[in-house]
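Chain by chain, the residues:
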Amino acid sequence: MVGIALMTGCADNAVFDLEITLPPSSAPTTIELDVRPGGTEGFDVDWAPTSAFPTARFELAGDRPTRVLESIVAESIEQDALVRIRFCPPAGCAGLAGDAAPVTCLRFERPFHRGVRSIYRSTLGEEPPPPAPGQFCSQPPRTVTRCEVGCGDGDWHDVPTNGFCIEGAHVCDS
Amino acid sequence: MPVADVRRAAGGLELAALLLTAASLPLPALAQETPGPLPVREEATLSVLCPDSTRTAPSPSTDRQLGRPEFLLGVAAAEDERWGDAVTQFRASYALSGSPIALYNMALAFRALSSHRRARDAFCTLAQDARIADADMREESRTLAASEAERVASLVLTAEQPDHGVNVTVEGDVIDLASSAPQEVELDADRRYELLFDAPGYQTSALELMLSQGERRETAIRLLPAYERLEESPALWAIIGGVLLAGAVVAGVVGYFEAQLDATPGRPMVQFP
């Protein structure tokens, strides 16, 4: 009885927080951030925003880095997360063809840990990739491994990190 | 914020010492001679802060090459922020050499991994054992040990079995919980744990929990008797029925709606299946 009662104090879902810093832009730019579960859609289709997966928008500052944020709540931890970052005109990418704006694509390998708030912080390069005609990602998607996503309150939060595994086991699961 | 700083000196293991300074720490200098005993006031503070098991450390080896390859691998891993690998290599280097810098770096790697209990223990060893660390390193270690100790929580377990102690397994470590004598187990705060309980003649049981910073939780462990045939125990059926009923109510109403993690406030969110 005691065990059951205490077990209910632990969450059985997971949260994955995404924090990506983008460099200043000389041209007015709106960032459109979209995420999808890995098992439903790939990067080879145009992602139309839905009520379930709305697009998050951020104005890119011209004089300082801009941080784009997303918090993903998941019931299942056995899934990837797909992320697309589009560099759009100030009015957004609505009405543009899917391959008309630079797009950075990221695939996170199973970033979720049951009952844990995991987090990935990183900084992208100086320039967005040039648009690639006929492709919904301007470059091949980069895969972020499970061991590059951390958790807890360690001092690693302010830097890009990897190596959150010890002898094959992720520290978030210990 | 820089997480690594390189110190270079001359000769031996310490020559390429990389001291991870995640908190912009002043770098401790290596001991050149054996410092005197700690003042009484400092010992009293550390005795509260540090477990007894951290009181002594192996004496540093006089062979400066011992543990050097492992140390350099640890440095490389730390520079790449592969903290898990860094822990493995610095631990091996410390086991071979007894070098305080290897132990210090291992502690900082644990800290970067949010493994606060292990980081505190390593800092405590450095802070208390004057044979291996000089005064500056001990002072730094004392400060860091105190910081890490704030992120450690306590679970006080009591076995209710009148005739047996209970073995408690936490992350592979087995603790002998004597009958009726409470025992305190330290856990890292904000981390999910699964504890296993077993005793001769009783069924193995599991408990999942996560404690917050500074929390001290008391829990009584009551195991169910093991029967060769389940139907031999009417009382067990009654207990199971009660557990199912109470568990369904508690888990369904309280557990699901209140214990689920929420999206981080102040940022866009999406819900995955």
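Just so it is clear, the structure is predicted and the values come from calculations on it, not from any experiment.

**Details of the overall build of chain B**
On a plain count of helices and strands, chain B comes out with 7 helices and 10 strands. In chain B, which comprises 273 residues, the proportion classed as buried is 37%. Counting contacts in chain B only where the partners sit at least 6 residues apart, residues at least 24 apart contribute 58% of the total.

**Description of unusual backbone geometry**
Across the chain, the bulk of peptide bonds are trans and the bulk of non-glycine residues have phi less than zero. Residue and element names in this part refer to chain B. Positive phi values are uncommon outside glycine, yet serine 114 reaches one of about 60°. Along the chain, serine 114 turns up in the loop between helix H4 (100-112) and helix H5 (116-128). Positive phi outside glycine occurs at glutamate 171, with the angle close to 50°. Tracing the sequence through the fold places glutamate 171 in the loop between strand S4 (166-170) and strand S5 (173-177). A residue is classified by how many C-beta atoms lie within 10 Å of it, and glutamate 171, with 11 of them, is exposed.

**Remarks on the pairing of strand S4 (residues 66-74) of chain A**
Two strands pair when backbone bridges link them, and strand S1 (residues 14-22) of chain A and S4(A) are joined in this way by 9 bridges, in the antiparallel orientation. Note on S4(A): the bridge partner recorded for A:Glu19 is A:Leu69. Pairing between S4(A) and strand S10 (residues 269-272) of chain B: 4 bridges, direction parallel. Its bridge partner being in S10(B), A:Ala74 is matched across the sheet by B:Phe272.

**So, the sheet that holds S4(B)**
Residue and element names in this part refer to chain B. Sheet architecture is open: 4 strands sit in the order S5-S4-S7-S8, paired in antiparallel fashion. The open sheet has two edge strands with one neighbour each: S5 and strand S8 (205-210). For this sheet, the mean angle separating the axes of adjacent strands, direction not counted, is 25°. Summarising the sheet, S4 and S5 pair through 5 bridges and their orientation is antiparallel. For threonine 169, the partnering residue across the bridge sits in S5 and is valine 174.

**Here's the deal with the sheet that holds strand S3 (residues 56-60) of chain A**
The strands that make up a sheet are held in pairs by hydrogen bonds between backbone atoms, and each pair lies either parallel or antiparallel. Residues and elements named next belong to chain A. In spatial order, the strands read S3-S2-S5-S6-S8; together these 5 strands make up an open sheet with mixed pairing. Of all strands in the sheet, those bounded by a partner on one side alone are S3 and strand S8 (142-144). Neighbour-to-neighbour, the strand axes of the sheet open up by a mean angle of 25°, direction not taken into account.

Rules used in this analysis
- Residues numbered from 1 in each chain as written.
- Chains lettered and ligands numbered in written order.
- Predicted model: local features only at pLDDT ≥ 70, side-chain atom pairs only at ≥ 80, totals over all residues.
- Helix = DSSP H or I, 4+ residues; strand = E, 2+ residues; numbered from the N terminus.
- Buried ≥ 20, exposed ≤ 12 C-beta atoms within 10 Å, placed from the backbone.
- Contact = placed C-beta atoms within 7 Å.
- Pairing = 2+ DSSP bridges.
- Axes fitted to C-alpha atoms, helices over the stretch in contact; angles between N-to-C directions.

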